[in-house]
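# Fold and contact review
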Amino acid sequence: MAEVEEVEVEFKQDIVWDLVTIYDRKIEEVLINKIKEKYPQHKYIGEEETAKSGHTAKLTDSPTWIIDPIDGTANFVRRMPLTAISVGLTINQVQVLGIIYDPYKKELFTAIKGKGAYLNGKRISTSGCKVIEKSVMSYEISIARRNDYYYNLYMFRMKHLIRRIQGFRSLGTAVLGLCYVACGRLDAYQCDGLYPWDAAAGTLIVIEAGGHVVDSAGKEFDLMDPNFLASASKPLSDEYMELERRADEEQLKFAREKIGFSP
């Protein structure tokens, strides 16, 4: 792995929490070029290519590779061994393949739709936890700093959850948070405000490991607008969603009363 002193860090669109390094760009370039050699007609949605163009490509029925070259860049530049490479494939807008590699721990998580999830070739499954009081959740709390909407969303939900669950973790990497739900290290992973490359591979791996993925507003999960809760089981997901709906209602009431917000 590269030493931090060798890593030149930039901020995307001058946003202090959205970092990019030369390695993000190089890894994405290598992955796309290698895939193009074998599948020249396929399409691509890459984090760094999207940042460069200024817009996210539309997902079509064509085979599309969705790539996050380094998820957890902020961890990477601080020498925290919590980063991974994520590659997902959709066909007819359906997630069919997920690959996530953690180079620090040499852990390769994979899934093919309908064929289960694997860690270094061995079948994995979620913890199967069904009771919220026994669950440990990874919650990407740093996203709360983006704006007032996310701050209130995250804080109100945390207020309702913290008295019920066994504990919180915040890893700074969505793709590993999802993988850890898939292999039973965590029972739930929650994040709003992410991008397709954060979810394309990991959500499929969770589902193939026996877990449950739902949009955090209660509607069907949308890969191109991934606000989601990934849980070890549907009963656990239902308990989380019940609490979060209460939190969201309280947040909306607060916004209306305190700052005159009207949806």
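These numbers come from a predicted model, not from an experiment.

This paragraph deals with the overall build of the chain. Per the secondary structure count, the chain includes eight helices and 14 strands. Burial status across the chain gives 51% buried among its 263 residues.

Once that is clear, we can look at the environment of Tyr-151. Relative to the helices and strands, Tyr-151 is located in helix 4 (residues 148-161). Classification of Tyr-151 as partly exposed rests on a relative accessible area of 45%. Separated by 10 residues in the primary sequence, Tyr-151 and Ile-141 have C-alpha atoms spaced 8.7 Å apart.

Attention shifts here to the pattern of salt bridges. Taken as a whole and judged by the stated rule, the model has 11 salt bridges. Where Arg-157 meets Glu-244, a salt bridge forms, and the shortest distance between an N and an O atom there is 3.8 Å. Here Glu-244 lies in helix 8 (residues 234-259) and Arg-157 lies in helix 4, a separation of 87 residues in the sequence. Take Glu-244: its relative accessible area is 0%, and that puts it in the buried class. The shortest N-O distance in the salt bridge between Asp-248 and Arg-245 comes to 2.3 Å. One end of the pair is Asp-248 and the other is Arg-245, both in helix 8 and three residues apart, which spans about a single turn. A relative accessible area of 16% places Asp-248 in the buried class. Residues participating in the shared-partner salt-bridge network are Arg-157, Asp-192, Glu-244, Arg-245 and Asp-248.

Turning our eyes to something else, we now look at the sheet that holds strand 11 (residues 167-169). As summarised here, the arrangement of the five strands in space is 11-10-12-14-13, forming an open sheet in which the pairing is mixed. A strand with exactly one partner marks an edge of an open sheet, and here the two such strands are strand 11 and strand 13 (212-215). Here the average twist between neighbouring strands, direction ignored, is 20°. Judged from the three bridges that link them, strand 10 (residues 136-139) and strand 12 (residues 188-191) form a sheet pairing that is parallel. Looking at strand 12, one finds that Ser-138 is bridged to Tyr-189. Across the sheet, helix 4 lies against strand 10, strand 11 and strand 12, angled at about 170° from strand 10, the strand it touches most. With respect to the sheet, helix 5 (residues 174-182) is in contact with strand 12 and strand 14 (228-231), its orientation differing from that of strand 12 by roughly 155°.

Sheet analysis places strand 5 (residues 84-91) next to strand 6 (residues 94-102), joined by seven bridges and oriented antiparallel. Within the sheet, the bridge partner assigned to Leu-89 lies in strand 6 and is Leu-97. Connecting the antiparallel pair strand 5 and strand 6 is a turn made up of two residues, with Asn-92 showing a positive phi of about 55°. Bridge count between strand 6 and strand 7 (residues 107-112): six bridges; the pairing is antiparallel. Bridge pairing links Tyr-101 to Leu-108 in strand 7.

In the UniProt entry, the feature "binding site: Mg(2+)" (unreviewed entry) is given for Glu-47, Asp-68, Ile-70, Asp-71 and Asp-198. Look at the named residues: they lie 152 residues apart in sequence, but the longest C-alpha span between them is just 10.0 Å, so in the fold they bunch up. Here Asp-68 is to be found in strand 4 (residues 64-71). Beyond its immediate stretch of four places on either side in the chain, Asp-68 contacts Glu-47, Ala-84, Ile-85, Ser-86, Trp-197 and Asp-198. Mapping Ile-70 onto the fold places it in strand 4. The residues contacting Ile-70, other than those within four sequence positions of it, are Thr-21, Tyr-23, Asp-24, Ile-27, Glu-47, Phe-76, Thr-83 and Ala-84.

The next subject is the nonpolar core. Ranked by size, the top nonpolar core spans 59 residues in total, and within it Ile-100, Phe-109, Tyr-180 and Tyr-240 carry the most contacts. Once residues within four sequence positions are removed from consideration, Phe-109 is found in contact with Gly-98, Ile-99, Ile-100, Tyr-118, Leu-119, Ile-124, Cys-179, Tyr-180, Cys-183, Arg-185 and Ile-205. Counting nine residues, the second-largest nonpolar core is a separate cluster that includes Tyr-44, Leu-89, Val-96 and Leu-97.

Moving on: the confidence of the model for the chain. The pLDDT averaged across the chain works out to 89; a share of 89% of its residues lies at or above 70. Low pLDDT (under 50) marks residues 11-18, which in the prediction has 14 contacts with non-local residues, meaning those over four places away or in another chain.

Conventions and cut-offs
- Residues numbered from 1 in each chain as written.
- Predicted model: local features only at pLDDT ≥ 70, side-chain atom pairs only at ≥ 80, totals over all residues.
- Heavy atoms only, no water.
- Helix = DSSP H or I, 4+ residues; strand = E, 2+ residues; numbered from the N terminus.
- Buried < 20%, exposed > 50% of the residue type's maximum accessible area, 1.4 Å probe, protein only.
- Salt bridge = Lys/Arg side-chain N within 4 Å of Asp/Glu carboxyl O.
- Pairing = 2+ DSSP bridges.
- Axes fitted to C-alpha atoms, helices over the stretch in contact; angles between N-to-C directions.
- Contact = heavy atoms within 4.5 Å.
- UniProt positions renumbered as here; feature names shortened; annotations may be inferred.
- Core = buried A, V, L, I, M, F, W, Y, C linked by side-chain atoms within 4.5 Å.
- pLDDT = per-residue confidence, 0-100.

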